[in-house]
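Letter by letter, the chains look like this.
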Amino acid sequence: MSTFFKFVGLALVIGFALFLAVVAGDYGPWYFAWLVGTTMIVLISAAGAVLFDTQEKSGKGDI
Amino acid sequence: MPLIDPSVVDLSRLQFALTALYHFLFVPLTLGMTFILAAMETVYVITGKPIYKEMTQFWGKLFGINFAIGVATGLTMEFEFGTNWSMYSHFVGDVFGTPLAIEGLMAFFMESTFIGLMFFGWDRLSKPGHLAVTYLTALGSNLSALWILIANGFMQNPKGASFDPVTMRMQFTSFLHLVFSDDAQAKFVHTSIAGFVTGSLFVMGISAFYILKKRHKELAARSFRMAAIFGIISTLAVVTLGDALGRLDYLVQPTKIAAIEGLWQNSNAHSSAMAAPWLLFALPNDATQSNSAEIGIPYVLTPLVTHSENKVIPGLIQQEQQAAPRIENGIKALDALQQYGQDHDAASLATFKQYEQDMGYGFLAQRYAPDQNLALVTPQNQQEIVQKASRDIVPNVFVTFWSFRIMMFLGFYFVALFAFAAYFSLTNRLEKHPFLLKLSVWSIPLPILACEFGWITAEAGRQPWSVYGWLPTFQAASSHPVGYMVFSLIGFALLYSTFIAAELYLMFKFARLGPHEHDSHTAPAQGGAAPMFAKPGLADKSWQ
């Protein structure tokens, strides 16, 4: 049952994200760019840290 | 009605500029640090590695110091609209007050609530729950900035409101037009991401300091990597949005863009618009309305500003000439408005409606009218009055030109710095380049400086208007005694300087200390200092 509610919750988040994207995309292209861009910046920066851990593990531990 | 003493207007402007610039020393770091903390905590939640939790908590502590002082300095400005800018508040309060009120709700309810949960919720919330709180804190601080910039966007390019001749003030026509105005959008994204750059260089610079001193290398190397990547993408976005704002100024604030580019004559004055040089260096002289010592790059200005090959950018002298008929119309609009106020007759209202769009230009003429009374303007003295008033549409070109260039040159310096930093971090060669590390340390204050000069460009370039094209700044202030203004100005300067001293002291202290065992959220079993932002032990009653 908890899995079901988890899926419902995530579906609601996705629905809200799509609604936000449509409204922001139509009326505020720069707002939309900020939403997408900020998410991208955060995730790429996080990926950089994960890459650092991988490099460290593979013996390239220099800074 | 007599005009407000020009000294009081200047002191009111100085006071607002001072408090805004002080406040803006703290804001960009808050805007950027929150999302950097969110990125660090995201890695912690995904990988489960404690080092990322330590990073989030350490940088969160420095963020907390900045946030507290930033909030304290921001409170006064909202009150200044009432105390020092009461005419402005009367004229546009219905429109301007709405985003300010929403900002208050965002800052004091959403942002503050989640910041409390972020700091004190490590032991009380699940990992994903705490991560959600960190993201909501970041969103809250940036949404708070959004509403301020929507309000500012209205001052630059008034959308979503019209003047009501009955109430004698501007009133809403469309809330959506206000929120989604081009100026508000571009300004918000430019400012928010400039905050990301500030936060990135702050984290990168302090991490570089640790790497140079060979301390906390595990934390410093990861923080440097994340900040460098965060920074390079953000700087490129800031430059893109800067270009968008420049084009927007060309479309809706032609005096500002001409002042930014030091353009006294039309861009096609010498040969063609296409060949117009973009000035890297010049010494604009506001008195003679000319530049000296110009160094420019031909064929760059027109495509850069207009995004076309041959559109002409109007020069300031030509804009002065074009303002003359608008000032004449504005005088007619204000005369009709005064008449309508007395008689409420349809003819006066119709005349006012005919010239309504130029009403603000009529205000410009008031300071040159006999006894500062537009009713005393006659066909004999009108030409002289209009000629004098038309020169007032030009902002201070020297200040606007150079504040823009300092911001822009710093922006391109950040692109280079972050590019090298990201490259050497990704290839694990940072320690082989101590100069880059030292440069990162010394560059920490530069994004804040760039933000300050960006703000000066936007606001000095908006002059002589408080609401562009509608209300001149000299009409917007409150009438106070000069002594009152001087006293409060000195008070603000002293108080805010104390805040800055406190911030710098705390930042240097905690940054030099670095992340320590006693700062961990886990309290030592016996003895030791109390952890920062820790949950009080139930058995320990000393905190009660």
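Refer to the structure above for everything that follows.
These lines cover the structure that appears in this document, whether it is placed above or below. It should be emphasised that the depicted structure is a prediction, and the values quoted were computed from it without experimental measurement. (Residues numbered from 1 in each chain as written. Chains lettered and ligands numbered in written order. Predicted model: local features only at pLDDT ≥ 70, side-chain atom pairs only at ≥ 80, totals over all residues. Heavy atoms only, no water.)

**Thoughts on the side chain of Q253 of chain B**
1) Next: The topology assignment puts Q253 of chain B in the loop between α8 (217-252) and α9 (254-260).
2) Next: Discounting residues that sit within four places of it in the chain, Q253 of chain B has contacts with Q156, D183, L248, R462 and Y468 of chain B. (Helix = DSSP H or I, 4+ residues; strand = E, 2+ residues; numbered from the N terminus. Contact = heavy atoms within 4.5 Å.)

**Overview of the pairing of strand β1 (residues 161-164) of chain B**
Residue and element names in this part refer to chain B.
1) Next: With four bridges connecting them, β1 and strand β2 (residues 169-172) associate as antiparallel partners. For F163, the partnering residue across the bridge sits in β2 and is M170.
2) Next: Hairpin connection from β1 to β2: four residues lie between these consecutive antiparallel strands, with M168 at a positive phi of about 60°. (Pairing = 2+ DSSP bridges.)

**Description of the pattern of salt bridges**
If charged atoms from side chains of opposite charge come close, those side chains can pair.
1) Next: Enumeration over the complete set of coordinates arrives at 13 salt bridges over all chains.
2) Next: Here R222 of chain B ties to D53 of chain A by a salt bridge, and the two come within 2.8 Å at their closest N and O atoms. Of this pair, R222 of chain B sits in helix α8 while D53 of chain A sits in helix α2 (residues 29-57), placing the two residues on different chains. Both residues of the pair, R222 of chain B and D53 of chain A, count as buried.
3) Next: In this structure, the salt-bridge partner of D392 of chain B is R367 of chain B, at a minimum N-O distance of 3.2 Å. Residue D392 of chain B is located in the loop between α14 (379-391) and α15 (397-426), and its partner R367 of chain B is located in the loop between α13 (359-366) and α14; the two are separated by 25 residues in the primary sequence.
4) Next: Salt bridges sharing partners connect three or more residues here, namely D53 and E56 of chain A together with K49, E218 and R222 of chain B. (Salt bridge = Lys/Arg side-chain N within 4 Å of Asp/Glu carboxyl O. Buried < 20%, exposed > 50% of the residue type's maximum accessible area, 1.4 Å probe, protein only.)

**With respect to the packing of aromatic side chains**
1) Next: Counted according to the given criterion, the structure contains 33 aromatic pairs over all chains.
2) Next: Residues F209 of chain B and Y210 of chain B carry aromatic rings whose centres are separated by 5.9 Å and whose planes lie at 55° to one another, so their mutual orientation is tilted.
3) Next: Taking 5.2 Å as the distance between ring centres and 70° as the angle between the ring planes, the aromatic pair formed by F281 of chain B and W402 of chain B counts as edge-to-face. With F281 of chain B in strand β3 (residues 278-285) and W402 of chain B in helix α15, this pair connects stretches of sequence that are 121 residues apart.
4) Next: Take F281 of chain B: its relative accessible area is 32%, and that puts it in the partly exposed class.
5) Next: Each member of the aromatic cluster is reached from another via a ring pair, and the members are Y27, Y31 and W34 of chain A together with F35, F180, F188, F196 and F230 of chain B.
6) Next: The positively charged end of K127 of chain B is found above the aromatic ring belonging to Y44 of chain B, 4.9 Å away from the centroid. (Phe/Tyr/Trp six-rings, centres within 6.5 Å; stacked < 30°, edge-to-face > 60°. Lys NZ or Arg CZ within 6 Å of the ring centre and 35° of its normal.)

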